[in-house]
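# Observations on chain architecture
Residue-level listing of the chains:
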Amino acid sequence: MENGAAKPVIVAIDGPSGTGKSSTSKAVAAQLGLSYLDTGAQYRAITWWMVTSGIDIEDPTAIAAVAGKPEIISGTDPAGPTITVDGTDVSGPIRTQEVTSKVSAVSAVPEVRARITELQRSLATSAERGIVVEGRDIGTTVLPDADLKIFLTASPEARAARRSGELKGADVNATREALIKRDAADSSRKTSPLAKADDAVEVDTTELTLTQVIECVVTLVEEKRTAK
Ligand SMILES: Nc1ncnc2c1ncn2[C@@H]1O[C@H](COP(=O)(O)OP(=O)(O)O)[C@@H](O)[C@H]1O
Ligand SMILES: Nc1ccn([C@H]2C[C@H](O)[C@@H](COP(=O)(O)OP(=O)(O)O)O2)c(=O)n1
């Protein structure tokens, strides 16, 4: 950059589950000195709160009525992202099967999305050097003016193999079916569904290593920064 500090750069990374959004976003943010936000963790956190508060997940009106109650705070350091609900560290509990199976229903409720979207925009605006934000609707809805939008894809087989590797030997077929079901729910909801923005760069990661995906995204960010 010619004149002093670089302008903040906003990067949106969207895509279905298991395409590499979290791993890629964290690494790109760390390499480029940017903040990092996992918006899926925020939807998981509000889902965890609904479950532990005894809210009926099948009842969107009940969910909407309390969507403003929990205080959700995300720490955006890519070297150690954090998430708390009313002061409790929920980084472990938000990854349980129970939360995973209920998060699509909770995140489809418009009042939940409005609440979480506001938090996301506020974090993006306050990131001094810029931020990598990953999710499902970042390029289309949350940050439509992002400097760079990436849409990651991969075959259901590759995504299931990656996820069952993480879940230590979980059945690949069952994992694949669960992923497909969640993607279908996330893509078909009325309010800001999982979708590729028209101006997003699509990267199919099926045959790429994580290192290759990271290099590809870092190069695209650097090109945008130079052009700014
Ligand atoms: N290109 C890749 N090749 C192989 N494994 C990958 C690749 N990208 C990510 N992974 C692995 O797949 C799993 C899911 O990745 P993650 O970044 O959590 O995906 P997402 O955030 O899209 O759900 C992780 O264990 C990660 O290390
Ligand atoms: N921007 C976002 C991010 C996630 N969600 C919802 C839909 C997803 O199924 C869940 C969980 O997202 P998360 O990124 O943690 O899921 P995976 O790690 O890919 O399994 O949250 C959303 O509706 N909008």
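This structure is a prediction, so every number in the text was calculated from the model and none was measured.

Turning next to helix α5 (residues 110–126). When the terminal C-alpha atoms of α5 are compared, their 24 Å separation across 17 residues agrees well with the 24 Å that a helix rising 1.5 Å per residue should span. Of all the residues in α5, the buried ones are V112, R113, I116, T117, Q120 and A124. One side of α5 holds all its buried residues, which, seen down the axis, span an arc of 120°. Exposed residues on α5 whose side chains face more than 90 degrees from its buried face are E118, T125 and S126.

Here the focus is the site of ligand 1. Taken together, 16 residues are adjacent to ligand 1, and G18, K21, S22, S23 and R163 come closest. Interatomic distance of 2.8 Å between a backbone N/O atom of G18 and an oxygen atom of ligand 1. In the environment of ligand 1, an oxygen atom lies 3.2 Å from a nitrogen or oxygen atom belonging to the backbone of T19. Surface burial for ligand 1 is 78%, taken as the share of its 560 Å² of free accessible area covered by protein chains. Sorting the residues of the shell around ligand 1 by element identifies α1 (21–32), α7 (156–166) and α9 (210–227) as the ones contributing at least two each. Residue composition of the shell around ligand 1, by class: four nonpolar, eight polar and four charged.

A separate point is the UniProt feature "binding site: ATP" (unreviewed entry) in the protein chain. UniProt records the feature "binding site: ATP" (unreviewed entry) at G15, P16, S17, G18, T19, G20, K21, S22 and S23, using the numbering of this structure. Looking at the element boundaries, G15 is found in the loop between β1 (9–14) and α1. If we ignore the near neighbours within four places in the chain, the residues touching G15 are K21, G135, R136, F151, L152 and L194. Relative to the assigned elements, T19 resides in the loop between β1 and α1.

Thresholds applied
- Residues numbered from 1 in each chain as written.
- Chains lettered and ligands numbered in written order.
- Predicted model: local features only at pLDDT ≥ 70, side-chain atom pairs only at ≥ 80, totals over all residues.
- Heavy atoms only, no water.
- Helix = DSSP H or I, 4+ residues; strand = E, 2+ residues; numbered from the N terminus.
- Expected span 1.5 Å × (residues − 1).
- Buried < 20%, exposed > 50% of the residue type's maximum accessible area, 1.4 Å probe, protein only.
- Arc of directions from axis to C-beta.
- Near = heavy atom within 4 Å.
- Polar contact = N/O pair within 3.5 Å; in protein donor to acceptor, adjacent residues only side chain to side chain.
- Areas by Shrake-Rupley, 256 points an atom, 1.4 Å probe, with all protein chains shown as cover.
- Nonpolar A, V, L, I, M, F, W, Y, C, P; charged D, E, K, R; others polar.
- UniProt positions renumbered as here; feature names shortened; annotations may be inferred.
- Contact = heavy atoms within 4.5 Å.

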